Amino acid sequence: MSIKIAVNNYGGFSQFIEKLRPELPADVETVIINDIFSESKDVIQRMEVSGDIDVFIASGRNAEYAEKYLRNIPLVRVEFTGYDIMNAVKESMAFSDSIALITSNALPQLEELREVFRAEVRPYVYKTLDELQLLLQTLYAEGIRDVIGTSLVIDQAKIYGMRGHYIWSLDGVRRAMETAINLVRNRKALAEKARLLDYLMDYSAEGIIVTDRNGIITHFNNSAERIIGRSRKSIVGRPCEEVLPNTQLHTVIREKRAQFNKVQDLGNVKIVTNRSPIISDKEVIGALATFFSGSTINQAGENVRRSQSFNGFLAKGTFAGIRTVSPEFAAIKEKAERYARSDVSVFIQGETGTGKEVFAQALHNASLRKNEHFVHINCGAIPSSKLEGELFGCDDISNGRRVGRMGLLEMAYQGTCFFDEIGELPLKLQARLLSAIEEKQFFRMGSNKVVPVDVRLIASSRKDLYQLVQEGLFREDLYYRIHVLELQLPNLSQRKCDIPLLIKEFLYENRNDLTHSEMEAISQASRFLDYDWPGNIRQLRNVIERFCVNFTPGTDIDSAIEDVLVCRNPSEEKTPSNEDVERQEIKDALRLAFGSRAQAADILGISRTTLWRKMRELGMADD
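Residues numbered from 1 in each chain as written. Predicted model: local features only at pLDDT ≥ 70, side-chain atom pairs only at ≥ 80, totals over all residues. Heavy atoms only, no water.

Engineer: Give me the lowdown on the overall build of the protein chain, citing residues and values where you can.
Structural biologist: Per the secondary structure count, the protein chain includes 27 helices and 22 strands. Buried residues in the protein chain amount to 48% of all 623 residues. Within the structure as shown, the protein chain displays about 30900 Å² of accessible surface, and the carbon and sulfur contribution to it stands at 49%. (Helix = DSSP H or I, 4+ residues; strand = E, 2+ residues; numbered from the N terminus. Buried < 20%, exposed > 50% of the residue type's maximum accessible area, 1.4 Å probe, protein only. Areas by Shrake-Rupley, 256 points an atom, 1.4 Å probe, with all protein chains shown as cover.)

Spelled out as structure tokens, the structure:
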């Protein structure tokens, strides 16, 4: 079976791929995508739908944009090492002793290499094409003629009559290709095992119980539920010796010896069972019991298939990462930590950028489901015509065979499903979602196969859901189903004491070269503290990131802040409505992006589709 690799980069990067083609295995095919940044979105999404591509290779900003849109196709980044940088500097020194090194992210290893350079290497970081072009104009005016960077940097440098030198080496690209090929081969091998296990499960008639080394039940399959007559919820997480003493799995763990063909009574049920210790590196790490039943075992095969397909559904946020000096916000955080220990639905209310997704991730990571998937569904970002298929999956006919595609709800099995901006969910899908939650099962589109639902539901909205219920735009029964526990997140303007703390955190992430006194001066700047932050924490992060790119130590801090932020005196203004705040936030973003809606959406941390919808609702479609 052939391997197809998509290489996403710009300009001359393809020359490295061409040099490597003779080395590639005969079954490996490469597809070059010569698009810049988000222009490759449509191509990527078509590849996702077609399923023709096995792995995606990209570097720099291209990799960052590709990662936003890739769901099922794995991404391999082309990384460069200190040795690659040294080679690029050596090549550049043949022309000049004054060299600009331009990348999309800061290079921490550069400081370690400065001592071995015999030339002046000046590092710069850009985030957008406009920033890059302005930087190159400035460097040219300063007399810099040699630039080190990626294909985009080099192509843009040529426009200004500057010499470009690639930051990658052929070995670096070769390593990325080898990593991609090995990744695909491993995934295909695992998929083959999953198909084999599916076949075995289809003809199996056994119940399965698994415990950990302490005798705590960790797995209890559907056949076991049916045969024993006990629900998984009442069994999993409890000591086997306490809830199912006749299984004798605690004895198997203690004696480290298997037992075969044991006749056993479980209340009114008689079974024939095999019991075995699970041993790894000569150590017992658990126990397994299998017993005869009259139904097939499907869930284990489904779990294997899910494990090899959806490694990207991970929650990074934790409560430890949510820092505050505000007593009121600390109380909200403490309440959320209590909620995490429950398994009931949580609703998070808050304006855009207040941290709703961070809290959702933290709730998941502090729950009993933390080792399972965290699936984020942005109800406002997915077109309504595609939303049903994305949520519930579908079965299609291809070459005379039925081919199934999992939906997001199915991917979250035994994990957490976070419905972001659930108020944007169409009424038709609200009804279907409620049915799936209540019945704990649903059908894929075009299928009659029952898909089980076992998820912890977290939802969020910046809108007043109860008001939407009154207006007939949101189902009342679904409202009460998701609104069991509530978290109300305050705007940043309501917890201004946290602004210096957050600024320091963002400065450490982006400019750890600043001195302690510089970080203190920046974080305590009155312009930051007086601003009302309509975009909340997301806007603050974006502003600080722009500040870090533009600020040069030793220059006036207030002037640097003025370049990235238009400060308003709240005392001189009337209290704005939510729509006024949102309209001004969009205007500020468009101004900072020089009218580019794509860049404005990036500044606001939302998709272009969401930005367009907001502008239409606010009467700004012609702006």
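Engineer: Outline the environment of Arg 405, supporting the account with residue identities and numerical values.
Structural biologist: By the element assignment, Arg 405 lies in strand S17 (residues 401–405). The partly exposed category is assigned to Arg 405, whose relative accessible area is 35%. The sequence separation of Arg 405 and Met 445 amounts to 40 residues, and the corresponding C-alpha distance is 9.5 Å. Ignoring anything within four residues of it in the chain, the contact list for Arg 405 reads Gly 389, Glu 390, Gly 393, Cys 394, Asp 395 and Arg 444. (Contact = heavy atoms within 4.5 Å.)

Engineer: Residue-level account of the pattern of salt bridges, with values.
Structural biologist: Per the stated rule, a full pass over the model turns up 27 salt bridges. With a shortest N-O distance of 3.6 Å, Lys 428 and Glu 388 are connected by a salt bridge. Of the two residues, Lys 428 sits in helix H17 (residues 427–439) while Glu 388 sits in helix H15 (residues 384–392), which places them 40 residues apart along the sequence. Close ionic contact of Arg 475 with Asp 477 constitutes a salt bridge, the shortest N to O distance being 2.8 Å. Assessed through its relative accessible area of 29%, Arg 475 is described here as partly exposed. (Salt bridge = Lys/Arg side-chain N within 4 Å of Asp/Glu carboxyl O.)

Engineer: Can you break down the side chain of His 373 residue by residue, with the values?
Structural biologist: Following the sequence through the fold, His 373 ends up in the loop between helix H14 (356–365) and strand S15 (374–378). Looking at His 373, its side chain comes within polar contact range of the main-chain oxygen of Met 411, at 2.9 Å. (Polar contact = N/O pair within 3.5 Å; in protein donor to acceptor, adjacent residues only side chain to side chain.)

Engineer: Give a description of the sheet that holds strand S18 (residues 416–420) that names residues and reports values.
Structural biologist: Reading across from one edge, S15-S18-S21-S14-S22 is the order of the five strands in this open sheet, with parallel pairing throughout. Taken across any chain shown, the strands that pair with only one partner, and hence form the sheet edges, are S15 and strand S22 (485–488). Between one strand axis and the next, the sheet turns through 15° on average, direction left out of account. Examined bridge by bridge, S18 and strand S21 (residues 456–461) share four bridges and lie parallel to one another. Bridging across to S21, Cys 417 finds its partner in Leu 457. Running over the sheet, H14 touches strand S14 (346–349), S15, S18, S21 and S22 and is turned about 155° from S14. (Pairing = 2+ DSSP bridges. Axes fitted to C-alpha atoms, helices over the stretch in contact; angles between N-to-C directions.)

Engineer: Explain the confidence of the model for the protein chain to me, and be specific about the residues and the numbers.
Structural biologist: Averaged over every residue, the pLDDT of the protein chain is 81; residues scoring 70 or more account for 86%. In this model residues 293–311 is a low-confidence stretch, pLDDT under 50, and it forms 59 contacts with partners more than four residues away in sequence or in other chains. (pLDDT = per-residue confidence, 0-100.)

Engineer: I'd like a description of the packing of aromatic side chains, backed by residues and values.
Structural biologist: Across all of its chains, the model carries 10 aromatic pairs by this definition. Taking 5.8 Å as the distance between ring centres and 55° as the angle between the ring planes, the aromatic pair formed by Tyr 466 and Tyr 479 counts as tilted. Of this pair, Tyr 466 sits in helix H18 (residues 465–470) while Tyr 479 sits in helix H19 (residues 476–482), placing them 13 residues apart in sequence. Of the residues examined, Tyr 466 reaches a relative accessible area of 40% and is grouped as partly exposed. With a centroid separation of 6.3 Å and 75° between ring planes, the pair formed by Phe 528 and Phe 547 is classed as edge-to-face. Taken together, the residues span a long stretch of sequence, with Phe 528 in helix H22 (residues 526–530) and Phe 547 in helix H23 (residues 536–550) at a distance of 19 residues. (Phe/Tyr/Trp six-rings, centres within 6.5 Å; stacked < 30°, edge-to-face > 60°.)

Engineer: Describe the side chain of Glu 424, naming the residues involved and giving the relevant values.
Structural biologist: Tracing the chain through its elements places Glu 424 in the loop between S18 and H17. A polar atom in the side chain of Glu 424 sits 3.5 Å from the side chain of Arg 613. Among residues more than four places away in sequence, those in contact with Glu 424 are Cys 379, Gly 380, Arg 462, Lys 463 and Arg 613.

Engineer: Would you mind going over unusual backbone geometry in detail, with residue names and values included?
Structural biologist: A positive phi angle, close to 65°, is found at Lys 282, a residue other than glycine. The class of Lys 282 is exposed, set by a relative accessible area of 83%. With phi around 60°, Asn 536 is a residue other than glycine that occupies positive phi space. On the secondary structure map, Asn 536 appears in helix H23.

Engineer: Break down the sheet that holds strand S1 (residues 3–8) for me, with residues and values.
Structural biologist: Spatial ordering of the open sheet is given by S2-S1-S3-S4, a layout of four strands whose pairing is parallel. In this open sheet, the two edge strands, each paired with only one partner strand, are strand S2 (28–33) and strand S4 (75–77). The sheet shows a mean angle of 25° between the axes of neighbouring strands, direction not considered. For S1 and S2, the ladder comprises six bridges, and the chain directions are parallel. What sits directly across from Ile 5, in S2, is Thr 30.

Engineer: So what about the nonpolar core? Which residues, and what values?
Structural biologist: Counting 36 residues, the largest nonpolar core has Ile 377, Leu 409, Phe 419, Ile 422, Phe 474 and Ile 482 as its most contacted members. Broken down by element, this core gets its largest block of residues, five residues, from H17. Setting aside residues no more than four positions away along its own chain, Phe 474 makes contact with Ile 422, Gly 423, Leu 427, Gln 430, Leu 465, Leu 468, Val 469, Tyr 479 and Ile 482. Counting 32 residues, the second-largest nonpolar core is a separate cluster that includes Leu 24, Val 55, Ala 88 and Val 173. (Core = buried A, V, L, I, M, F, W, Y, C linked by side-chain atoms within 4.5 Å.)

Engineer: Tell me about the environment of Arg 71, and please be specific about residues and values.
Structural biologist: Tracing the sequence through the fold places Arg 71 in the loop between helix H3 (60–69) and S4. Apart from the residues lying within four places of it in its own chain, the contact partners of Arg 71 are Glu 48, Ile 382 and Glu 390.

Engineer: Tell me what's going on with H23, and back it up with residues and numbers.
Structural biologist: Since the α-helix advances by 3.6 residues per turn, residues separated by three or four positions end up pointing in the same direction. For H23, built from 15 residues, the straight-helix expectation of 21 Å at 1.5 Å per residue is met to within 8% by its first-to-last C-alpha distance of 21 Å. Along H23, the residues classified as buried are Asn 536, Ile 537, Gln 539, Leu 540, Asn 542, Val 543, Ile 544, Arg 546, Phe 547 and Cys 548. (Expected span 1.5 Å × (residues − 1).)

Engineer: Quick rundown of the packing of H23 against helix H24 (residues 557–564)? Include the residues and the values.
Structural biologist: Axis separation between H23 and H24 bottoms out at 9 Å; the angle between their running directions is 125°. On the basis of the axis angle, H23 is oblique to H24. Two packed elements cross with a definite hand, and for H23 against H24 that hand is right-handed. Where H23 approaches H24, its residues Val 543, Arg 546, Phe 547 and Asn 550 are matched on the opposing element by Ile 557, Ala 560, Ile 561 and Val 564. Here the residues of the contact of H23 with H24 sort into six nonpolar, one polar and one charged. (Parallel < 35°, antiparallel > 145°, perpendicular 65-115°, else oblique. Left-handed = near helix turned anticlockwise from the far one by under 90°. Nonpolar A, V, L, I, M, F, W, Y, C, P; charged D, E, K, R; others polar.)

Engineer: How would you sum up helix H7 (residues 151–159)? Please name residues and give values.
Structural biologist: Within H7, seven of the nine residues are buried, leaving the element largely enclosed by the surrounding structure. Within H7, burial applies to Ser 151, Leu 152, Val 153, Ile 154, Asp 155, Gln 156 and Ala 157. As for H7, its buried residues are in contact with strand S5 (98–103), helix H6 (129–141), strand S7 (146–149) and strand S8 (163–166). Directly beyond the C-terminal end of H7, a positive phi value near 75° is found at Gly 161.

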